[in-house]
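One-letter residues, chain by chain:
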Amino acid sequence: QIRFAESGGGSVQAGDSLRLSCEAMDYDRLMYGYYCMAWFRQSPGKEREGIADIDTHNVPTYADSVKGRFTISRDNDKGTLYLQMNSLKPEDTAMYYCATDTRSPTCGRDRGTHLILDPTRANYWGRGTQVTVSS
């Protein structure tokens with residue numbers, strides 16, 4: 001079943017910005033403040049890449065490939081996760097997914113890791129939203 005809905009993707013030029021949203025649905029909206037949330041992306045023929053996660057205390061972690069360009073944030077009252085993407089590059093072209101590890105409020109910090117480093121820990125995913133960046 002789908003428990004999160006991404007939106008905000010589109011086609012842009014290199015250097016442009018986009019803001020992605022991920023809205024929790026039904027029961028997950030009520031429990032959203034207790035969830036570790038993350039953004040992943042995947043291009044055809046490539047492995048899924050974790051790009052950012054944020055824990056229940058608003059502590060973010062970023063992949064080196066997006067650090068300084070992307071910002072992850074959350075609005076617990078709205079049950080929504082955001083990804084502000086600036087200075088977009090053609091290499092950022094991918095399907096972007098939000099996901100959660102509902103079992104770890106710290107996104108794995110208590111285990112010495114982070115959700116974006118271990119996608120297998122994510123137990124619920126959205127459908128994805130496409131981002132295409134042209135040069």
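Counting of residues starts from 1 at the beginning of each chain's written sequence and follows it residue by residue. For a predicted model such as this one, the threshold for reporting local features is a pLDDT of at least 70, and the threshold for listing and counting side-chain atom pairs is 80 or more; totals across whole chains, interfaces and linings nevertheless cover every residue. Computation of side-chain values: all heavy atoms of the structure, hydrogens and water removed.

1. A look at the packing of aromatic side chains
For step 1, the next point in the chain: When two rings of Phe, Tyr or Trp (its six-membered ring) have centres within 6.5 Å they constitute a pair, described as stacked for plane angles under 30 degrees, edge-to-face for angles over 60, and tilted for the intermediate range. Applying the stated criterion across every chain yields a total of two aromatic pairs.
For step 2, the next point in the chain: Both rings, one in phenylalanine 40 and one in tryptophan 125, keep their centres 4.9 Å apart while their planes meet at 50 degrees; by these two values the pair is tilted. With phenylalanine 40 in strand 4 (residues 36-42) and tryptophan 125 in strand 10 (residues 124-125), the pair connects residues that are 85 residues apart, well separated along the chain.
For step 3, the next point in the chain: With 6.4 Å between their ring centres and 80 degrees between their planes, tyrosine 97 and tryptophan 125 make a pair best called edge-to-face. With tyrosine 97 in strand 9 (residues 94-101) and tryptophan 125 in strand 10, the pair connects residues that are 28 residues apart, well separated along the chain.
For step 4, the next point in the chain: By the ring-pair criterion, three or more aromatic residues cluster together here, those being Phe40, Tyr97 and Trp125.
For step 5, the next point in the chain: When the NZ atom of lysine or the CZ atom of arginine is within 6 Å of a ring's centre and also within 35 degrees of its normal, the charge is said to sit over that ring. The ring of tyrosine 82 carries the charged tip of arginine 19 above its face, separated from the ring centre by 4.0 Å. Secondary structure elements follow DSSP: runs of H or I of four or more residues count as helices, runs of E of two or more count as strands, with numbering from the N terminus.

2. A few points about the pairing of strand 8 (residues 80-85)
For step 1, the next point in the chain: Most of strand 8 is tucked away, with five of its six residues classed as buried.
For step 2, the next point in the chain: We treat two strands as partners when DSSP finds at least two bridges between them. Alignment of strand 3 (residues 18-24) against strand 8, held across six bridges, turns out to be antiparallel. Paired with arginine 19 across the bridge in strand 8 is glutamine 84.
For step 3, the next point in the chain: In this sheet, strand 8 lies alongside strand 7 (residues 70-75) in antiparallel orientation, the contact comprising six bridges. When the bridges of strand 8 are listed, phenylalanine 70 appears paired with methionine 85.
For step 4, the next point in the chain: Counted between consecutive antiparallel strands, the loop separating strand 7 from strand 8 contains four residues, among which glycine 79 sits at a positive phi close to 65 degrees. For each residue, the accessible area found with a 1.4 Å probe, counting protein chains only, is set against the maximum for its type, and the residue is called buried under 20%, exposed over 50%, and partly exposed in between.

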